[in-house]
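Take a look at the letters that make up each chain.
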Amino acid sequence: MSNSNIRADKNIKGGDVSLVNNELQNILEKSRSLISQGKPAEYIPELKKVSPELLGLAVSTLDGEEYKLGDYNHKFTIQSVSKVITLTSILMTNPLEKI
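Residues numbered from 1 in each chain as written. Predicted model: local features only at pLDDT ≥ 70, side-chain atom pairs only at ≥ 80, totals over all residues. Heavy atoms only, no water.

### Description of the overall build of the protein chain
- Helices and strands together make up the secondary structure of the protein chain, namely three helices and two strands.
- Overall, the protein chain shows an N-to-C arrangement of helices and strands of α-α-β-β-α.
- Within the protein chain, the fraction of its 99 residues that count as buried is 14%.
- Across the protein chain, every contact between residues at least 6 apart in sequence was considered, and the portion connecting residues at least 24 apart equals 54%. (Helix = DSSP H or I, 4+ residues; strand = E, 2+ residues; numbered from the N terminus. Buried < 20%, exposed > 50% of the residue type's maximum accessible area, 1.4 Å probe, protein only. Contact = heavy atoms within 4.5 Å.)

### Looking at the layout of surface pockets
- Counted as a void, the largest pocket has a volume near 480 Å³.
- Lining the largest pocket we find 17 residues, and of these L47, S51, P52, L54 and F76 sit closest to its centre.
- Among the residues making up the lining of the largest pocket, the classes are represented as ten nonpolar, six polar and one charged. (1 Å grid on protein atoms, 1.4 Å probe; cavity = no way out; pocket = protein on both sides within 12 Å on 5 of 7 lines; lining within 4 Å. Points joined across faces, edges and corners; volume = space filled by probe spheres on them. Nonpolar A, V, L, I, M, F, W, Y, C, P; charged D, E, K, R; others polar.)

### Digging into the pattern of salt bridges
- Counted according to the given criterion, the structure contains three salt bridges.
- Taking the shortest distance from any N to any O, the salt bridge between K39 and E42 comes out at 3.3 Å.
- By relative accessible area, K39 is classed as exposed at 66%. (Salt bridge = Lys/Arg side-chain N within 4 Å of Asp/Glu carboxyl O.)

### Concerning a nonpolar patch on the surface
- A contiguous nonpolar patch, built from L87, I90, L91, L96 and I99 and spanning about 460 Å² of accessible area, is present on the exposed surface.
- The residue I99 is located in the segment after α3 (81–93) in this model. (Patch = residues over 30% accessible without salt bridge, like charges linked within 9 Å, V, L, I, M, F, W, Y side chains within 5 Å. Areas by Shrake-Rupley, 256 points an atom, 1.4 Å probe, with all protein chains shown as cover.)

### With respect to the pairing of strand β1 (residues 56–60)
- Summarising the sheet, β1 and strand β2 (residues 66–70) pair through five bridges and their orientation is antiparallel. From the neighbouring strand, L57 faces β2, where its bridge partner is L69.
- Linking β1 back to β2 in an antiparallel pair, the connection comprises five residues, with G64 at a positive phi of about 90 degrees. (Pairing = 2+ DSSP bridges.)

### Considering the confidence of the model for the protein chain
- Chain-level pLDDT for the protein chain is 81 on average; 83% of the residues reach the 70-or-more range.
- Model confidence for the protein chain, summarised as mean pLDDT per element, is weakest for helix α2 (residues 45–48) at 86 and strongest for α3 at 92.
- Per-residue pLDDT stays below 50 along residues 1–14; that stretch engages in 39 contacts with residues further than four places along the chain or on separate chains. (pLDDT = per-residue confidence, 0-100.)

Structure, rendered in structure tokens:
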């Protein structure tokens, strides 16, 4: 399931990759420790097909660098988080007075 070696795939241009690695590792580890506090919604069939223990993290910087940790190679269903993506798109492409 999870990758035991948490790593960043590339270095940040002009940045401290070890600092970024440490921060992302901390985020992943803290998040992983919270998995047991919840459970997938039982009324969503796609969520029943996936282990709730899977956890992936992918970050792309504005410079085009990519950091991928944990179970990032696994395909995840995005379900309700798609609402955040849609809202972000609307906020970025429309004046606030029209929203």
